[in-house]
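# Chains, contacts and geometry: an overview
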Amino acid sequence: MEPREIGESLVELCRQGKNLEAIDKFYSPDIVSVEAQAAPGMPAEMKGIDAIRGKNKWWIENHEIHSAEAKGPYVLDDRFSVVYNFDVTSKAGPQEGNRMQMEEVAVYTVKDGKIAREEFMY
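Since we're looking at a predicted model, the values are computed, not measured. Here, residues in each chain are numbered from 1, in the same order as that chain's written sequence. In keeping with the model being predicted, local features are shown solely for residues with a pLDDT of at least 70 and side-chain atom pairs are shown and tallied solely at 80 or more, while totals for entire chains, interfaces and linings include all residues. The basis for every side-chain value is the complete set of heavy atoms in the structure, and neither hydrogens nor water enter the calculation.

## A closer look at the packing of helix 2 (residues 19–26) against helix 3 (residues 49–61)
Look at helix 2 against helix 3: their axes get within 10 Å of each other, and the N-to-C directions meet at 170°. Classed by the angle they form, the pair helix 2 and helix 3 counts as roughly antiparallel. Here Leu20, Ile23 and Asp24 of helix 2 come into contact with helix 3, specifically with Ile49, Ile52, Arg53, Asn56, Lys57 and Ile60. Residues are grouped as follows: Ala, Val, Leu, Ile, Met, Phe, Trp, Tyr, Cys and Pro are nonpolar; Asp, Glu, Lys and Arg are charged; all remaining types, including Gly, are polar. Each residue belonging to the contact of helix 2 with helix 3 can be placed in one class, and the counts come to five nonpolar, one polar and three charged. Angles here are taken between N-to-C directions and fall from 0 to 180 degrees, while the axes themselves are lines fitted to C-alpha atoms, restricted in helices to the stretch in contact. Only runs of H or I of at least four residues qualify as helices and only runs of E of at least two qualify as strands under DSSP, and these elements are numbered from the N terminus. Throughout this description, any angle smaller than 35 degrees is read as roughly parallel, any larger than 145 degrees as roughly antiparallel, any in the 65 to 115 degree range as roughly perpendicular, and the remainder as oblique. Residues count as neighbours in contact if any of their non-hydrogen atoms are within 4.5 Å of one another.

So, in structure tokens, the structure goes:
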């Protein structure tokens, strides 16, 4: 698949709350995921589809998601970006009970028809 096709499908799945399905469908087994910063017990850079699934499961289990929005994709060559907006309440950790609004930009790089790298900026 081309980056635009992958981006459009990924955004649609995310809008439906099917983020884990998007990972299974579009991510390379050797995916590299880079967050803007590390979190307690979670490094900023993670590698491999199992690690990325785990990171996403952790997010879902540790946040009450009031709303989530995905805008895009915005495509350039082998990359595309998506703007995400979240309204969540943390269920654990130092932010437990705090409701927060977050916006982030994700940049995805496609190689051999799969997402090989994702980078989150916030």
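## Some points on helix 1 (residues 3–15)
A helix is expected to span 1.5 Å multiplied by its residue count minus one. For helix 1, which comprises 13 residues, the first-to-last C-alpha distance of 18 Å matches the rise-based estimate of 18 Å (1.5 Å per residue) to within 8%. Regarding helix 1, the residues found buried are Pro3, Ile6, Gly7, Leu10, Val11, Leu13 and Cys14. The buried side chains of helix 1 occupy one side of the element, clustering within an arc of 165° when seen end-on. Where helix 1 terminates, the next one or two residues include Gly17, which has phi positive at roughly 75°. Partly exposed residues are those whose accessible area sits between 20% and 50% of the maximum for their type, while under 20% is buried and over 50% is exposed, using a 1.4 Å probe and protein chains only. Working definition: the arc comes from the directions between the helix axis and the C-beta atoms, pointing outward to the latter.

The analysis is restricted to geometry; functional conclusions fall outside its scope.
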